[in-house]
Amino acid sequence: MIDLDAARAVLRTNDLGGYTVPTRTLYPFQWNWDSAIIALGWHCFDEQRAWQEARTMFGGQWSNGLLPHILFHHESDSYFPGPDIWGAKSRVPSSSISQPPVWALAIARMLRRSAAAAAARDEVRALLPQLVDYHRWWYRDRDRHDSGLVDCYHPWESGMDNSPAWDEPLARVPGVEWEYQRRDLGHVDQAQRPTWQEYDRYLHLVEVQRKNKFDPSRLAAASPFRVIDIGIVSILSRATSELIALCRQFGLEEEAESFQAEIARTERAVGRCWSGEHRCFLSWDQISNEPLAEITTATLLPLFGRLANDKQAGQMASLIEEWLAANRFPLSSIHPESPRYDPECYWRGPVWLHINWMVADGLRAYGYSQLAERIKEGTRKCIEAAAGSGYFEYYSPETGQGCGGGDFSWPAAVALLWLNE
Ligand code: DGY
């Protein structure tokens, strides 16, 4: 049995007053997509606290609509790189990139499930213009030629930092040559974290952002890392469809129409990422103009985004069936037969519970309920097998051992919102 009291306790422990950190020392600030999933967790037992999470996040939105991937609400020396390295002059100190846009989906779900319906409607009415601006930012600044497929400028923006899908595009990014002290390695074993070479390159990309004054037209030409992340594309599309429904409900017809056109554009364009050979949708390197042929859990997210047709969904389901057979604890973040598979290293093999939730949701939507149920059962087993509270940043697909940060907020939120159903 998983312990939901422990899940609630994890969120309370990580509550810094208005926002929830992913975990106390490794990630001591508010992270964008973590926070959206955390809000869904809060909403299962404290609706007001859930809305507050959203309000705090949107309090850090830039005037151009960007919702940063980190809001540095206070100072902390347990994390690097901090706001001085990012160099953004925002109201709330922040990074200058975003993260997979889960928020519209979270807010729509919170509204649907609210016991305090009138209060929830007031919250949504107040947040909706900001949500609209956020989605406009994606479609305007990250899809400058209206291709239907938005760009991603940093592996941190994908949320799947050291995914092997980024190995080749990241290899062309030069590394910084100045010295710095990584703080993550004070909390987590190096074997479970990105390499120093990857960090050098991540930091160079932060410098590129700063030197180009965060200007989208300059960055489109200057960023040495520019990919179509199929994970972001899928989550954006699903969240936009939820946003359209909210816009209609609250009388924003014009906005709903224009987002409908964006979704239609994505649906027309996404076939470019389909690979029959791999039985999934691949991310794409925009600079070399080539597909990134690594099968990761991001390549399954078009199911969550409702972007696959029935035939493609069938092929993806057969891929997932084999994938499930290869691991004791589903779903490893990359296909276990990949030569780059590493069961304990961050996004190169471990299981991430919020991704399991998304993939299972997608499978169910396409009629593959049994596969979805197997993923859900496996997710429970991860929490049961892990030590302590059971809520870890990620898990070994082979032993279920918890890895990365402990007492971690999003697995706790996923347990509350999904495993409790
Ligand atoms: C990190 O610092 O590891 C984060 O994933 C960046 O968002």
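Coordinates for the structure precede this section.
Residues numbered from 1 in each chain as written. Predicted model: local features only at pLDDT ≥ 70, side-chain atom pairs only at ≥ 80, totals over all residues. Heavy atoms only, no water.

This next bit is on the overall build of the protein chain. Helix and strand counts for the protein chain come out as 16 helices and nine strands. Compactness check: the protein chain gives a C-alpha radius of gyration of 20 Å against a globular reference of 22 Å for 421 residues, within 12% of the reference. Seen through its C-alpha atoms, the protein chain measures out along the principal axes to roughly 50 × 50 × 45 Å. Buried positions account for 64% of the 421 residues belonging to the protein chain. If you sum the accessible surface of the protein chain, you get close to 15,400 Å²; carbon and sulfur atoms cover 47% of it. Looking at charge distribution, the protein chain has the averaged site of its 42 positive side-chain charges lying 3 Å from that of its 55 negative ones. (Helix = DSSP H or I, 4+ residues; strand = E, 2+ residues; numbered from the N terminus. Rg over C-alpha atoms; globule rule 2.2 N^0.38 Å. Buried < 20%, exposed > 50% of the residue type's maximum accessible area, 1.4 Å probe, protein only. Areas by Shrake-Rupley, 256 points an atom, 1.4 Å probe, with all protein chains shown as cover. Lys, Arg positive; Asp, Glu negative; His and termini not counted. Charge placed at Lys NZ, Arg CZ, Asp CG, Glu CD.)

The next thing to look at is the environment of Ala365. Along the chain, Ala365 falls in helix α14 (residues 353–365). C-alpha of Ala365 to C-alpha of Phe304: the two residues are 61 residues apart in sequence and 8.0 Å apart in space.

Taken together, Tyr27, Trp31, His69, Tyr79, Trp156, Asp161, Arg193, Tyr199 and Tyr346 make up the full set of residues adjacent to the ligand. The separation between an oxygen atom of the ligand and a polar side-chain atom of His69 is 2.8 Å. The contact in question runs from an oxygen atom of the ligand to an N or O atom on the side chain of Tyr346, over 3.1 Å. Contact with the protein chains covers 96% of the free accessible surface of the ligand, which is 230 Å². (Near = heavy atom within 4 Å. Polar contact = N/O pair within 3.5 Å; in protein donor to acceptor, adjacent residues only side chain to side chain.)

This part covers the pattern of salt bridges. When the charged atoms of two side chains with opposite charge come close together, those side chains can pair. In total, this model carries 30 salt bridges according to the counting rule given. Across the pair Arg182 and Asp184 runs a salt bridge, and its minimum N-O distance is 2.7 Å. Given the relative accessible area of 5%, Arg182 is considered buried. Taking the relative accessible area as the measure of exposure, Asp184 reaches 6% and is therefore buried. Put simply, Glu294 and Arg340 hold a salt bridge, and the shortest N to O gap is 3.2 Å. (Salt bridge = Lys/Arg side-chain N within 4 Å of Asp/Glu carboxyl O.)

Another point: the sheet that holds strand β3 (residues 227–228). The strand order β3-β6-β7 describes an open sheet built from three strands, whose pairing is antiparallel. Each of the sheet's edge strands pairs with one partner strand only, and the pair in question is β3 and β7 (290–292). Here three bridges tie strand β6 (residues 283–285) to β7, and the two strands are oriented antiparallel to one another. Its bridge partner lying in β7, Trp284 is registered against Pro291. (Pairing = 2+ DSSP bridges.)

Turning to the nonpolar core, a few remarks are in order. Ranked by internal contacts, the top residues of the largest apolar core, which has 148 residues, are Trp103, Ile107 and Tyr391. Among residues more than four places away in sequence, those in contact with Ile107 are Trp51, Ala54, Phe58, Val124, Leu127, Leu131 and Leu246. (Core = buried A, V, L, I, M, F, W, Y, C linked by side-chain atoms within 4.5 Å. Contact = heavy atoms within 4.5 Å.)

Between its terminal C-alpha atoms helix α11 (residues 230–249) stretches 29 Å, which fits the 28 Å expected from 20 residues at 1.5 Å a residue. Of all the 20 residues making up α11, 16 are buried; the element is thus mostly covered by neighbouring parts of the structure. N-capping of α11 is provided by Asp229, with a side-chain oxygen placed 2.9 Å from the backbone N of Gly231. Of the residues one or two after α11, Gly251 is the one with positive phi, at around 75°. (Expected span 1.5 Å × (residues − 1).)

Another aspect to go through is the environment of Trp418. Position of Trp418 relative to the elements: it lies in helix α16 (residues 409–419). Residues Trp418 and Cys44, 374 residues apart in the sequence, show an inter-C-alpha distance of 10.0 Å.

For the rest of this paragraph, the subject is the side chain of Ser338. Inspection of the secondary structure assignment puts Ser338 in the loop between α13 (310–326) and α14. Side-chain polar atoms of Ser338 contact the side chain of Glu294, separated by 2.6 Å.

What follows is about unusual backbone geometry. Between Phe80 and the following residue, Pro81, the backbone shows a cis peptide bond with an omega angle of 5°. Examined against the element boundaries, Pro81 turns out to sit in the loop between β2 (70–71) and α4 (83–86). Unusually for a residue other than glycine, Asp146 sits at a positive phi of about 50°. Taking the relative accessible area as the measure of exposure, Asp146 reaches 44% and is therefore partly exposed. Phi is positive for Lys213, close to 55°, though the residue is something other than glycine. Take Lys213: it is sitting in the loop between α9 (196–211) and α10 (216–222).

As for its position among the elements, Leu319 is in helix α13. Along the primary structure Leu319 and His335 are separated by 16 residues, whereas in three dimensions their C-alpha atoms are 9.5 Å apart. Contact partners of Leu319, with chain neighbours within four places excluded, come to His278, Arg279, Cys280, Ile295, Leu300 and His335.

Attention now goes to the packing of aromatic side chains. Tallied over the full model, the rule gives 32 aromatic pairs. Look at Phe304 and Trp357: their rings are 6.2 Å apart centre to centre, the planes differ by 55°, and that puts the pair in the tilted class. Residue Phe304 is located in the loop between β7 and α13, and its partner Trp357 is located in helix α14; the two are separated by 53 residues in the primary sequence. In this pair, the class of Phe304 matches that of Trp357, namely buried. When the ring of Trp347 is compared with that of Trp352, the centres are 3.8 Å apart and the planes differ by 5°; the resulting orientation is stacked. Here the two residues Trp347 and Trp352 agree in accessibility, since each one is buried. (Phe/Tyr/Trp six-rings, centres within 6.5 Å; stacked < 30°, edge-to-face > 60°.)

Structural measurements only, silent on function.
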